[in-house]
Amino acid sequence: MSTPAALAAITMAAKARVGEDIKKPAVQPEWKPEPPMYGVANPAKRTSATLESQQHTSSPHRYWWLHGSEKVAGETLGGLGKRGTTINTLAKGRYWKVKGLRVDPNRWLTPAGAENHIRRANPRASNRQIQNTLESLNFMRETWLPTMRPGKGGAIISAHNSHPHARYKGGKTIFEHELTKPTMDGKTRLTKAAHLGDADKEDFIIVTDRNDYDAAVSGNAPFNVFYQPFDWSAKDDGSASYLAGVEGRRYFNPEVSLREGAREKQKAMIDWIETLNQ
């Protein structure tokens, strides 16, 4: 049988070993600023939220393909060659599934905006489901936004597609809808100016920087260009344009309708955008 003194000695030795273990610095895994792929950790595999980054050159631009259902936008960005860094959400359709909830890849980019969107898109979700989803999205932002942000002088170029002759509430065309696009709180955000360089009003470029719009006017750009400055009174919707606005970054949305020649036209839009050096 151990004596009290022997037990005390054993306890002291154990504490010393624990102390040594605590003092040892933890081995940190190598950090990679450009992860080739990221997926939300989920043992139940109930999420399709993944992202992919491909960096080709030191170009400061970031090319985003957000909605997997907009195939022409993906083909356009995939055919640009080695121009810069492309971001692909790898969404199979228009939405991800994160912790069982529907998430638009263009509505998770700010914390408040993500929550606003998730509650609207998943009205029957419990608070616990929403919080679990928000935690996953918070981790995704911490992991990915440093890569997704453009470099000095660069811009977010987020390519999109629309369906020909699509109509919005009240029978508005896409062109009319973008001119008076409603915000989440029901207000009407008027486009400050529009340069009409293309007879096809379903194809256009949205810009948020006044210098880029002025360049479109002075250079007589062969595209429809809408100038939509950031509206600080608008409710946070978690979108790419909102993120660019609050961070003071240049943003372009080259959007073409899904018809013959759409990919070539969208590529020409991006070629023009890349001539606007600041």
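In this report, we go over the structure that sits alongside the text.

Regarding the side chain of Arg-250
So, point 1. Looking at the element boundaries, Arg-250 is found in strand β13 (residues 250–257).
So, point 2. You can call Arg-250 buried: its relative accessible area is 6%.
So, point 3. Among the polar contacts made by the side chain of Arg-250, one reaches the side chain of Asp-212 at a distance of 3.0 Å.

Concerning the packing of aromatic side chains
So, point 1. As enumerated under the stated definition, the model contains six aromatic pairs in all.
So, point 2. Seen in terms of ring centroids, Phe-204 and Phe-226 are 5.2 Å apart; in terms of plane orientation they differ by 15°. Their pairing is stacked. Residue Phe-204 is located in strand β11 (residues 204–207), and its partner Phe-226 is located in strand β12 (residues 225–227); the two are separated by 22 residues in the primary sequence. Pair check on accessibility: Phe-204 and Phe-226 agree, each one buried.
So, point 3. Taking the centre distance of 5.7 Å and the plane angle of 25° together, the rings of Tyr-213 and Tyr-227 count as stacked.

Comments concerning the pairing of β13
For a regular strand, the rule is simple: side chains alternate between the two faces of the sheet.
So, point 1. Burial within β13 is extensive, with eight of its eight residues counted as buried.
So, point 2. The two faces of β13 match: Arg-250, Phe-252, Pro-254 and Val-256 on one face and Tyr-251, Asn-253, Glu-255 and Ser-257 on the other face are all buried.
So, point 3. Pairing of strand β7 (residues 155–162) with β13, which is carried by six bridges, proceeds in the parallel orientation. Note on β13: the bridge partner recorded for Ser-162 is Ser-257.
So, point 4. As judged from the four bridges shared by β11 and β13, these two strands associate in the antiparallel manner. Counterpart to Phe-204 in the pairing with β13 is Glu-255.

What counts, and at which threshold
- Residues numbered from 1 in each chain as written.
- Predicted model: local features only at pLDDT ≥ 70, side-chain atom pairs only at ≥ 80, totals over all residues.
- Heavy atoms only, no water.
- Helix = DSSP H or I, 4+ residues; strand = E, 2+ residues; numbered from the N terminus.
- Buried < 20%, exposed > 50% of the residue type's maximum accessible area, 1.4 Å probe, protein only.
- Polar contact = N/O pair within 3.5 Å; in protein donor to acceptor, adjacent residues only side chain to side chain.
- Phe/Tyr/Trp six-rings, centres within 6.5 Å; stacked < 30°, edge-to-face > 60°.
- Pairing = 2+ DSSP bridges.

No statement about biological role is implied by the geometric values presented.
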